[in-house]
Amino acid sequence: SFRLATVGTGTLALPFAAEKGGLLLNAVGLGLIGLWNYYSAKCLLRCLDNLPQIDEVKDGRRGGEGNCSMTEMEQQPLYGTMESSSGINEELRNDSYAEIRSLPPPPDGTTTYGVVAWYASGPRGLMALDMLMIMLFFGILIAYEVAMQSFINDTPLTTGSSRVDLLIPSVIVALLSCAPDLGFLSKFSGMGLLAVVLSFVVIALQGFQENGFSGFRDAFDLNLWPASLSEASSWFGVVVFGYGVAPFVFNFRESMTNPHQVDLAVQIGLFLVYVGYIIMSNGIRVLFSPSHIFDGDVLQAMPNNWISLIVRLFMTFMVSVTAPLIVLPCGELIEGKLGIDNTQHSLHKRIFVRLAVCVICTLFSEFLGSGFVEVVSFIGCFCVSIVGFVLPPLFCIQLSNQSENSLIIDSAFLCDVGVLILGITTTAITSSLTFHDLFASTDVEKGM
């Protein structure tokens, strides 16, 4: 539900990505980012093969990721076979991970991704991963609130004050987040995708009504490449945010009847996402090229009529009822760091944490103003890129180095090193540039 919600909202920035990145880079780059996500997902699944079968790993759940069950860890490798690319067998593998086996088990309730971080980097690795996930959740919530403010500002129902337009949906999110059980909200995630599809259908019809096929006839006159490294970074952040498969691959795996088919499922899913994103980005951008430039979310291209009003209100409603699904895992991660248990006696403390998360996000949203696409770009370049592109190959390298076969340098190890260097370099450059753009847009909004 969480991933459906974030993907649906992220698609609203895809035409902006095509505008900044250019048609050719966007078409090729969407495919390359999809392959990168696939490789990172494979890295995380390979990490499970590198973990020992440890009885002490308990079944539990925390945050927005999947959890690791004791049955899986005890009975069989979680992915693939026991053999690596260097051809070691099960007996040699069991002898090779004495160093990993010597580590104490991770805390109860640690997610599967957290278990990998624990045995790869120790307690500090788990702490770093949890902090990055908390930052990711905060970033997504801020993007949600900025988006809702933008939706309301463009309707006749606006109060005339951007601060009040932000406060009303934020209060709704906070109140819903206080519910002891948020399971009733999970069904709205699918409706959120329906709202996004409806938005793009209305926008496409509006584009054909305004321009017909003239935009497609003149498509080669549009920019094919980004005009600057800053625009390329904005494109990268939006696309990475839109994919974001790797950090949640364990969720997909654990929700499957046959978990060993996760590799094929990821391939099919990424291909379908690629086709859909090409249509939503390049298709909409070309369609509106004679009459509109996308410098914000796609809803800016909607006409000012009753259909547009319904779509904007529907999007505002869907975002406000799905945002608590992000507040919950974020709050649980923070509660774990504060030592707050999951008992009824600590319910008031958990509610206080959730309210604190909502208040902090609202304050940041007020400071940033209506910069939805800039927020999404920075989150994608920093949080999603680190969790999805940097940590997976890093954990693979660390786990392989802890075995007795660490001196064996094969093609998989060299690929992991190369992808790690690429991830660190790309994340550092794009994060710095999108961070600058984020606050530059804030200054423009506030007239500073």
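Residues numbered from 1 in each chain as written. Predicted model: local features only at pLDDT ≥ 70, side-chain atom pairs only at ≥ 80, totals over all residues. Heavy atoms only, no water.

The next point concerns a nonpolar patch on the surface. Side chains of Leu24, Val28, Leu32, Leu35, Leu224 and Trp225 sit close together on the surface and give an oily, nonpolar patch of about 580 Å² of accessible area. Summarising the element assignment, Leu24 is placed in helix α3 (residues 23-50). By relative accessible area, Leu24 is classed as partly exposed at 36%. (Patch = residues over 30% accessible without salt bridge, like charges linked within 9 Å, V, L, I, M, F, W, Y side chains within 5 Å. Areas by Shrake-Rupley, 256 points an atom, 1.4 Å probe, with all protein chains shown as cover. Salt bridge = Lys/Arg side-chain N within 4 Å of Asp/Glu carboxyl O. Helix = DSSP H or I, 4+ residues; strand = E, 2+ residues; numbered from the N terminus. Buried < 20%, exposed > 50% of the residue type's maximum accessible area, 1.4 Å probe, protein only.)

This brings us to the pattern of salt bridges. Summed over the entire model, instances satisfying the criterion amount to five salt bridges. A salt bridge links Lys42 to Asp263, with the nearest nitrogen and oxygen atoms 3.3 Å apart. Here the residue Lys42 occupies a position in helix α3, and Asp263 occupies one in helix α13 (residues 262-287), the gap between them amounting to 221 residues. Lys337 is the salt-bridge partner of Asp130, the closest N and O atoms lying 2.7 Å from each other. Of this pair, Asp130 sits in helix α7 (residues 112-153) while Lys337 sits in helix α15 (residues 324-338), and the two are 207 residues apart along the sequence.

Okay, the side chain of Glu335 next. Among the secondary structure elements, Glu335 is positioned in helix α15. For the buried Glu335, which has no salt bridge, the nearest side chain bearing the opposite charge is Arg354, at an N-O separation of 4.4 Å. Leaving out residues up to four positions away in the same chain, Glu335 has contacts with Ile340, Arg350, Val353 and Arg354. (Lys, Arg positive; Asp, Glu negative; His and termini not counted. Contact = heavy atoms within 4.5 Å.)

Here we take up the packing of α7 against helix α17 (residues 372-401). In the contact formed by α7 and α17, the axes pass within 10 Å of each other and the chain directions differ by 170°. Classified by the angle between their axes, α7 and α17 sit roughly antiparallel to one another. Of the residues contributing to the contact of α7 with α17, the split by class is 28 nonpolar, three polar and no charged. (Axes fitted to C-alpha atoms, helices over the stretch in contact; angles between N-to-C directions. Parallel < 35°, antiparallel > 145°, perpendicular 65-115°, else oblique. Nonpolar A, V, L, I, M, F, W, Y, C, P; charged D, E, K, R; others polar.)

Turning to its location among the elements, Pro303 is positioned in the loop between α13 and α14 (306-322). Along the primary structure Pro303 and Val202 are separated by 101 residues, whereas in three dimensions their C-alpha atoms are 8.9 Å apart. Not counting residues up to four positions away in its chain, the partners in contact with Pro303 are Gln206, Ser308 and Arg312.

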